[in-house]
Amino acid sequence: MRTHRWRKSSYSAQGANCLYVSAPGDATIRLRESDEPDTILTTNPTALGALIRSAKTGQLDHLGTA
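Residues numbered from 1 in each chain as written. Predicted model: local features only at pLDDT ≥ 70, side-chain atom pairs only at ≥ 80, totals over all residues. Heavy atoms only, no water.

(A) Inspection of the sheet that holds strand E3 (residues 29-33) at higher detail. Strand order in the open sheet formed by four strands is E1-E2-E3-E4, and the pairing between neighbours is antiparallel. Two strands in the sheet have a free side with no partner beyond their single neighbour: strand E1 (7-8) and strand E4 (36-43). The pairing of E3 with E4 spans four bridges and is classified as antiparallel. Bridge pairing in E4 links Ile29 to Thr43. (Pairing = 2+ DSSP bridges. Helix = DSSP H or I, 4+ residues; strand = E, 2+ residues; numbered from the N terminus.)

(B) Looking closely at helix H1 (residues 45-56). With twelve residues, H1 extends 16 Å between its outermost C-alpha atoms, agreeing within 8% with the 16 Å of an ideal straight helix rising 1.5 Å per residue. Those residues of H1 that fall on the buried side of the exposure criterion are Leu48, Gly49 and Ser54. Turning to H1, the residues buried within the fold contact E3 and E4. Capping the start of H1, Asn44 holds a side-chain oxygen 3.0 Å from the backbone nitrogen of Thr46, two or three residues further along. Trailing H1 by a residue or two, Gly58 shows a phi angle of about 85°, which is positive. (Expected span 1.5 Å × (residues − 1). Buried < 20%, exposed > 50% of the residue type's maximum accessible area, 1.4 Å probe, protein only. Contact = heavy atoms within 4.5 Å. Polar contact = N/O pair within 3.5 Å; in protein donor to acceptor, adjacent residues only side chain to side chain.)

(C) Inspection of the environment of Ile40 at higher detail. Looking at where Ile40 falls in the secondary structure, it is placed in strand E4. Residue classification places Ile40 among the partly exposed positions, given a relative accessible area of 35%. Here Ile40 is in contact with Trp6, Arg30, Leu31 and Arg32, once residues within four sequence places are set aside.

(D) Inspection of the side chain of Arg30 at higher detail. Positionally, Arg30 belongs in strand E3. Residue Arg30 is classed as buried on the basis of its relative accessible area of 15%. Within the local environment of Arg30, its side chain forms a polar contact with the side chain of Thr28, the two groups lying 2.7 Å apart. In this structure Arg30 touches His4, Trp6, Tyr20, Val21, Ser22, Pro24, Ile40, Leu41 and Thr42, once residues within four positions along its chain are discounted.

(E) Highlighting the packing of aromatic side chains. In the structure shown here, the tally under the stated rule is zero aromatic pairs. Over the face of the ring belonging to Tyr20 we find Arg32, whose NZ or CZ atom lies 5.3 Å from the ring centre. (Phe/Tyr/Trp six-rings, centres within 6.5 Å; stacked < 30°, edge-to-face > 60°. Lys NZ or Arg CZ within 6 Å of the ring centre and 35° of its normal.)

Dropping the structure here:
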């Protein structure tokens with residue numbers, strides 16, 4: 001199994017609940033959370049960029065409501 005170099009998000013505080021990112025150079029981006037380090041989400045730069053832009057503009061705000 002390949003070892004990934006994980007980098008903690010600059011928006012994550014010290015302690016728990018941190019987001020880590022790895023970009024191994026094969027056109028994928030991997031994301032994991034400190035609470036569940038064995039659960040890894042894999043995406044690509046285009047899809048991740050679209051997700052971030054949508055979150056920044058509030059297009060996903062309705063997902064947090066019951």
